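Chain by chain, the residues run as shown.
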Amino acid sequence: MAGPLVVAAVRLGEPVAPELRAARDSKLLSARRRAELFEVIRARAQAAAVAWAQPGEIDEFNVLGATLRAMGRAARRAAAGVGRSDCVVVVDGNKTVPGLELAQIAVVGGDRLCLAAACASIIAKVTR
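Here the structure is a predicted model, which is why all the values come from computation and not from measurement. (Residues numbered from 1 in each chain as written. Predicted model: local features only at pLDDT ≥ 70, side-chain atom pairs only at ≥ 80, totals over all residues. Heavy atoms only, no water.)

## Quick notes on the overall build of the chain
- What the chain contains, in helices and strands, is four helices and four strands.
- In sequence order, the secondary structure elements of the chain are arranged as β-α-β-α-β-β-α-α.
- At 14 Å, the chain has a C-alpha radius of gyration in line with the 14 Å of a compact globule built from 128 residues.
- On the principal axes, the C-alpha backbone points of the chain span a range of 40 × 35 × 25 Å.
- Counting over 128 residues, the chain shows a buried share of 42%.
- Once local pairs closer than 6 in sequence are excluded, the contacts in the chain between residues at least 24 apart make up 65%.
- For the chain, the exposed surface amounts to about 6,900 Å²; the carbon and sulfur share of it is 54%.
- Considering the chain, the positive charge centre built from 18 side chains and the negative charge centre built from 12 side chains are found 2 Å apart. (Helix = DSSP H or I, 4+ residues; strand = E, 2+ residues; numbered from the N terminus. Rg over C-alpha atoms; globule rule 2.2 N^0.38 Å. Buried < 20%, exposed > 50% of the residue type's maximum accessible area, 1.4 Å probe, protein only. Contact = heavy atoms within 4.5 Å. Areas by Shrake-Rupley, 256 points an atom, 1.4 Å probe, with all protein chains shown as cover. Lys, Arg positive; Asp, Glu negative; His and termini not counted. Charge placed at Lys NZ, Arg CZ, Asp CG, Glu CD.)

Here you go:
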């Protein structure tokens, strides 16, 4: 399997910075627009974290399992030091992260429905 897989988690503050409202599912944006928004997200989000799943982890846990493990790592990093108890992790997909001690919800098409998930999608794609 090719790799690595790259995932991200983004914690937005309240109120959300107006510049972030332009974020959308990364697949719907040009590479140039993703790069522009990447910089805005990094500057305006309360926290942003990236995690990778390397080929060995993908081989051991399959693509979905490795992705969920990486999502857990990214979510924990983004939540650290910014009020973990009030975090709700929106997982873009139909599965939640096993063993994640944070509240979470799986949302199919989450990167089109949730601004934080859209921002995470952009961070992951630009990082990859």
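Here the narrative resumes, following the displayed structure.
## A look at the packing of aromatic side chains
- Scanning all chains against the criterion turns up zero aromatic pairs.
- Across from the ring centre of F61, 3.9 Å away, lies the NZ or CZ of R69, which sits over that ring. (Phe/Tyr/Trp six-rings, centres within 6.5 Å; stacked < 30°, edge-to-face > 60°. Lys NZ or Arg CZ within 6 Å of the ring centre and 35° of its normal.)

## Things to note about the side chain of R34
- Relative to the helices and strands, R34 is located in helix α1 (residues 31-44).
- It is D25 that comes nearest to the buried, bridge-free R34 among opposite-charge side chains, at 7.9 Å.
- A distance of 2.6 Å separates a polar side-chain atom of R34 from the backbone oxygen of L29.
- Discounting residues that sit within four places of it in the chain, R34 has contacts with S26, L29, I122, K125 and V126. (Salt bridge = Lys/Arg side-chain N within 4 Å of Asp/Glu carboxyl O. Polar contact = N/O pair within 3.5 Å; in protein donor to acceptor, adjacent residues only side chain to side chain.)

## Considerations on the nonpolar core
- Core analysis: the largest hydrophobic core is formed by 21 residues, its most contacted members being V10, L12, L20, I41, C119, I122 and I123.
- When residues of this core are traced back to their parent elements, those giving at least two are β1 (5-11), α1 and α4 (115-127).
- Residues in contact with V10, not counting those within four places in the same chain, are I41, A45, A47, A48, A116, C119, A120 and I123.
- A9, A47, A51 and A70 belong to the second largest nonpolar core, which has 11 residues in total. (Core = buried A, V, L, I, M, F, W, Y, C linked by side-chain atoms within 4.5 Å.)

## Brief notes about the state of the cysteines
- The tally for this structure, following the rule as stated, stands at zero disulfides.
- Free cysteine C114: the closest other cysteine sulfur is in C119, separated by 8.6 Å.
- Relative accessible area serves as the criterion here: at 22%, C114 is assigned to the partly exposed category.
- A relative accessible area of 0% means that C119 is categorised as buried. (Disulfide = S-S within 2.5 Å.)

## Some remarks on helix α2 (residues 55-79)
- An ideal rise of 1.5 Å per residue puts 36 Å on 25 residues; α2 reaches only 26 Å between its terminal C-alpha atoms.
- Inspection of α2 places E57, I58, G65, A66, T67, L68, A70, G72, A74, A75, A78 and A79 among the buried residues, and these make up the whole buried set.
- Where α2 is buried, its residues contact β1, β2 (47-53) and β3 (88-92). (Expected span 1.5 Å × (residues − 1).)

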